[in-house]
Structure formats: C-alpha cells, structure tokens
Amino acid sequence: MATGGNAIRGTRVGAGPMGEQDHGHHADRIAVSYWDALGNETVRYFAAGIAEEEIPDVIDSPHSGLPAGRDKDNPPALAKTEPYKTHLAYVKERRTDEEADALLDDALHQLRERRGQA
C-alpha cells in the first residue's frame, strides 16, 4: 500500500475549526465609492473604525488607470499627456552658450566651496 504525507484522504490541507469570523471576514466595514473621469465606479472597503482623515480622497481607478475621486459630479480631470517632442524641439529649448557657461561656472564654484578650495 502506498501512502504519502500525513493528510487524511478527503480533507483539505490546512482545514480546521477556524471559520470566516476568525479570519476577520466579518469585521465591520464601510464602503467608499470612487469615480474616474470616464464614469467608472470603484468601491473600496475600509474598517468601520478608521478615521475619516485616513480614507484617501483620490485613488487610481483599476478600470482605466486614471485618478478616481469620491465626488461623483466632479471627478478628477483626465491627465494631460505631453505630445512627443522631436529632436529639433529639444534643440530649440537649449540654452545659449553664455547661459551654459554661467551655469558651469556656478556649479564649479559651489563644488570648490564644498571642498574648501574657494
């Protein structure tokens, strides 16, 4: 006869006298609804004894990934995405040579002051 382990046939491993109440599933909870800009509702549950200040006003919606707030009529706005910039756009934003020299001189001066070589 082959035997394996010490489990009795037909029982779950880890099953015992503990019920849901012992695991905290019957703890008093409050439901808080959050809405995102697309109108998706998400309900989160918090312990009934939690302070109102500890409940977040804004969460990330699992439906859309957008911010979701507790105010159904005024949900957080959609995040503004920056359009892709070409290399030329970055080149136009570069500083002039004089500004670059001034920044470098200032950084070198601060570094020398920290090292005590001023």
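A few points on the structure. (Residues numbered from 1 in each chain as written. Predicted model: local features only at pLDDT ≥ 70, side-chain atom pairs only at ≥ 80, totals over all residues. Heavy atoms only, no water.)

## A look at the overall build of the protein
Here is step 1: In terms of helices and strands, the protein carries three helices and four strands.
Here is step 2: Listing the helices and strands of the protein from first to last along the sequence gives α-β-β-β-β-α-α.
Here is step 3: On the protein, roughly 10,400 Å² of surface is accessible, and the fraction owed to carbon and sulfur atoms is 50%. (Helix = DSSP H or I, 4+ residues; strand = E, 2+ residues; numbered from the N terminus. Areas by Shrake-Rupley, 256 points an atom, 1.4 Å probe, with all protein chains shown as cover.)

## Description of the pairing of strand S1 (residues 29-36)
Here is step 1: Across seven bridges, the pairing between S1 and strand S2 (residues 41-47) is antiparallel. The partner of Ala31 across the bridge, within S2, is Tyr45.
Here is step 2: In this antiparallel pair of consecutive strands, S1 and S2, the connection spans four residues, and Gly39 shows a positive phi of 90°.
Here is step 3: In this structure, S1 lies alongside strand S4 (residues 67-69), joined through two bridges in antiparallel fashion. Counted as the bridge partner of Trp35 is Gly69 from S4. (Pairing = 2+ DSSP bridges.)

## Focus: the sheet that holds S4
Here is step 1: A sheet is described by the order of its strands in space; here four strands give the open sequence S2-S1-S4-S3, paired in antiparallel fashion. One side of each edge strand has no neighbouring strand; the edge strands of this open sheet are S2 and strand S3 (58-60). When the angles between neighbouring strand axes are averaged without regard to direction, this sheet yields 40°. (Axes fitted to C-alpha atoms, helices over the stretch in contact; angles between N-to-C directions.)

## Overview of a negative patch on the surface
Here is step 1: There is a patch of like negative charges on the surface, built from Asp97, Glu98, Glu99, Asp101, Asp105, Asp106 and Glu113.
Here is step 2: Along the polypeptide, Glu99 turns up in helix H3 (residues 97-115). (Patch = residues over 30% accessible without salt bridge, like charges linked within 9 Å, V, L, I, M, F, W, Y side chains within 5 Å. Salt bridge = Lys/Arg side-chain N within 4 Å of Asp/Glu carboxyl O. Lys, Arg positive; Asp, Glu negative; His and termini not counted. Charge placed at Lys NZ, Arg CZ, Asp CG, Glu CD.)

## Concerning H3
Here is step 1: The first and last C-alpha atoms of H3 sit 27 Å apart over 19 residues, in line with the 27 Å expected at 1.5 Å per residue.
Here is step 2: Of the residues trailing H3, Gly116 is marked for its positive phi of about 80°. (Expected span 1.5 Å × (residues − 1).)

## Some words on the pattern of salt bridges
Here is step 1: The tally for this structure, following the rule as stated, stands at two salt bridges.
Here is step 2: The residue Arg70 makes a salt bridge to Glu52 at a minimum N-O spacing of 3.0 Å. Separated by 18 residues along the polypeptide, Arg70 in the loop between S4 and helix H2 (87-93) and Glu52 in the loop between S2 and S3 bring together distant segments of the chain.
Here is step 3: Take Arg70: its relative accessible area is 29%, and that puts it in the partly exposed class. (Buried < 20%, exposed > 50% of the residue type's maximum accessible area, 1.4 Å probe, protein only.)

These values are about where atoms sit, not about what they do.
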